[in-house]
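Next come the chains, spelled out residue by residue.
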Amino acid sequence: MAEAAPRDGLVVASHGRHCVVETEDGSRRICHPRGKKSQAVVGDRVLWQPPPAGRGEEGTVEAVQPRRNLFYRQDELRTKSFAANLDQILILLAAEPVFSEMQLARALIAAEAAGIAPLIALNKSDLPEAWERAWERLAPYRAMGTPAHYTVLPLSVSQAPDATRQALAPLLAGKTTLVLGPSGAGKSTLVNLLAPGAAVLTAEISQALNSGRHTTTSTALYWLDAARGTALIDSPGFQEFGLHHIAPTELARCMPDIAAHAADCRFYNCSHLHEPGCGVISALKIAPGAGGISESRYKIYSALHAELSAAPRY
Ligand SMILES: Nc1nc2c(ncn2[C@@H]2O[C@H](COP(=O)(O)OP(=O)(O)O)[C@@H](O)[C@H]2O)c(=O)[nH]1
Ligand SMILES: [Mg+2]
Ligand SMILES: [Zn+2]
C-alpha cells in the first residue's frame, strides 16, 4: 500500500529524540525522527507521517522545514537547542532568588547572535527591598542604547496577575516567545497565568514523552489564544549557558553597550582589552546612564572574551 503524502505540523514539545507534533486541526501526537536530518526542536515546522494502519499511534518526522532562526547554547561537550523560529525571548528574573548577571549577559548575547529580540522582566515587585536591589543591578540594561535597546519590565506575576496580563499582552500578541530564566523566578507561574491549561498539558506531555523513562526536563509550547497565533515556550536550561558557538571577535557586536563604542577604537581589530586608543576602555569613564559602559559589563566582556578564546573552535 502506498504511503500517504507527508503532512504539515508544528513541534510543540520535545524530549530526547522524540517530539510531539501538532497537526493543522490542533490534535497532537508523538513522532520519532526518520533519521538524523529530521531531528526537530520545539517551534520547528515539520513534514510528518502517521503510521501505517495497525502500526500504533506514533508517527515519524520526515523532514524539518528551513528555520528562520535557532536559539541554542554550546559548551565543550555538546550543542543544546532550545527552540526554533522564535520572535522574541523573554528573560524572566526575580527579586529572589538573586540572579546572576553573568547568566543574564550570556542569554542576551546568545539572543543577539541568533538575531532574536530579547525582553527582560524583573518579577516579585511585591518584595520591595530585594526588588529595588535587583532593579538597581539592572541599571546598565535599562540604560543600554538610545532609544533603549532592552525593555526591562517590572512584574509581580503571582501578586498582581491582572497587571501582569495587561503589561505583557501587547508585547506577546501574535508572537512566539521563549521564556527563559533561573529556577524560582516565576516562569511556571507566568505560563500558567497566561495559558490556563498549561499545567495539565505539561503533565500529559511529560507522561506521554517519558512513559517509563526517568526525566526532569523538557521544552514545550503553549498557545495563549484559541486562534493559535500567540505562543509561549517554556524551557529549562538558563544555567550553564555555553557560548562556544560565538567567536571572541564577534562578542563585542553581541553586547550593545560595548558595540556602541567599538567604532571609536584606533585599531579596527581592537580586542578592547589593552590596546591604546580603545573607545570601549575610554567609555568606562562615562556613566552607563550617559551612554558609557558599566564596570560589571566590562568585566563580563573580559571574562567571556577569555573563555571564548580558550574554547576549541569547530
Ligand atoms: N512573592 C512572589 N512570589 C512569586 C511571584 N511569582 C511567582 N512567585 C513564587 O516563586 C516561586 C517559584 O515560581 P515558579 O513559577 O515555580 O518558578 P520557575 O522555577 O521559574 O518556574 C513559587 O513559589 C511562586 O509562587 C511573585 O510575583 N511574587
Ligand atoms: Mg518552572
Ligand atoms: Zn577597543
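Overview of the structure. (Residues numbered from 1 in each chain as written. Chains lettered and ligands numbered in written order. Predicted model: local features only at pLDDT ≥ 70, side-chain atom pairs only at ≥ 80, totals over all residues. Heavy atoms only, no water.)

## Focus on the overall build of the chain
- Secondary structure summary: the chain contains nine helices and 13 strands in total.
- Taken over C-alpha atoms, the radius of gyration comes to 21 Å for the chain, in line with the 20 Å a tight globule of 314 residues would show.
- Its C-alpha atoms give the chain principal-axis dimensions of about 75 × 45 × 35 Å.
- Counting the 314 residues in the chain, one finds 47% classified as buried.
- Within the chain, contacts between residues at least 6 apart in sequence are counted, and of these 67% link residues at least 24 apart.
- Approximately 15,300 Å² of the chain is accessible, and the part contributed by carbon and sulfur atoms is 54%.
- Charged side chains in the chain number 30 positive and 30 negative. The centres of these two groups are separated by 4 Å. (Helix = DSSP H or I, 4+ residues; strand = E, 2+ residues; numbered from the N terminus. Rg over C-alpha atoms; globule rule 2.2 N^0.38 Å. Buried < 20%, exposed > 50% of the residue type's maximum accessible area, 1.4 Å probe, protein only. Contact = heavy atoms within 4.5 Å. Areas by Shrake-Rupley, 256 points an atom, 1.4 Å probe, with all protein chains shown as cover. Lys, Arg positive; Asp, Glu negative; His and termini not counted. Charge placed at Lys NZ, Arg CZ, Asp CG, Glu CD.)

## Focus: the site of ligand 1
- Lining the immediate surroundings of ligand 1 are 15 residues, of which Asp126, Gly184, Lys187, Ser188 and Thr189 lie closest.
- Side-chain polar atom of lysine 124 to an oxygen atom of ligand 1: 3.0 Å apart, as the coordinates give it.
- Taking aspartate 126, its side chain carries an N or O atom lying 2.8 Å from a nitrogen atom of ligand 1.
- Protein contacts shield 69% of the accessible area of ligand 1, which totals 590 Å² for the unbound molecule.
- The element that contributes the greatest number of residues to the shell around ligand 1 is helix H5 (residues 187-194), accounting for three residues.
- A breakdown of the residues in the shell around ligand 1 according to their chemical character gives four nonpolar, eight polar and three charged. (Near = heavy atom within 4 Å. Polar contact = N/O pair within 3.5 Å; in protein donor to acceptor, adjacent residues only side chain to side chain. Nonpolar A, V, L, I, M, F, W, Y, C, P; charged D, E, K, R; others polar.)

## Some remarks on the coordination of the zinc ion (ligand 3)
- Looking at the zinc ion (ligand 3), the protein donor atoms are Cys265 (SG), Cys270 (SG), His272 (ND1) and Cys278 (SG), and they sit 2.1 to 2.4 Å from it.
- Seen from the zinc ion (ligand 3), its four donor atoms lie at angles of 100 to 115°, and the figure they make is tetrahedral.
- Along the chain, the residues that donate to the zinc ion (ligand 3) are spaced as C-x4-C-x1-H-x5-C. Here cysteine 270 and histidine 272 have matching classes, each one buried. (Donors = N, O, S within 2.8 Å, 3.2 Å for Na, K, Ca; no water. Tetrahedral: all angles 85-135°; square planar, octahedral: opposite > 155°, others 65-115°.)

## Notes on the layout of surface pockets
- In this structure, the second largest pocket occupies an estimated 410 Å³ of space.
- Taken together, 17 residues form the lining of the second largest pocket, with Ser14, His15, Gly16, Lys80 and Ser81 sitting closest to its centre.
- For the lining of the second largest pocket, the leading source of residues is strand E7 (residues 79-84), giving four residues.
- Taken domain by domain, the makeup of the lining of the second largest pocket includes at least three residues from each of domain 1 (7-64) and domain 2 (70-234). (1 Å grid on protein atoms, 1.4 Å probe; cavity = no way out; pocket = protein on both sides within 12 Å on 5 of 7 lines; lining within 4 Å. Points joined across faces, edges and corners; volume = space filled by probe spheres on them. Domains from an automatic or database assignment.)

## Quick look at the pairing of strand E2 (residues 18-23)
- The element E2 is largely enclosed, with a buried count of six among its six residues.
- Every second residue of E2 is oriented toward a common face, with His18, Val20 and Glu22 on one face and Cys19, Val21 and Thr23 on the other, all of them buried.
- Pairing of strand E1 (residues 7-15) with E2, which is carried by six bridges, proceeds in the antiparallel orientation. Across the sheet, residue serine 14 finds its bridge partner in E2, namely cysteine 19.
- As consecutive antiparallel partners, E2 and strand E3 (residues 28-33) are separated by four residues, and within that stretch glycine 26 has a phi angle of approximately 90°, a positive value. (Pairing = 2+ DSSP bridges.)

## With respect to the nonpolar core
- One finds Phe71, Ile89, Leu93, Leu104, Tyr141, Leu178 and Leu180 to be the most contacted residues of the largest nonpolar core, which totals 88 residues.
- Of all the elements, helix H1 (residues 101-114) adds the most residues to this core, at seven residues.
- In contact with leucine 104, not counting residues within four places along its chain, are Ile91, Leu93, Phe99, Ile120, Leu138, Tyr141 and Phe238. (Core = buried A, V, L, I, M, F, W, Y, C linked by side-chain atoms within 4.5 Å.)

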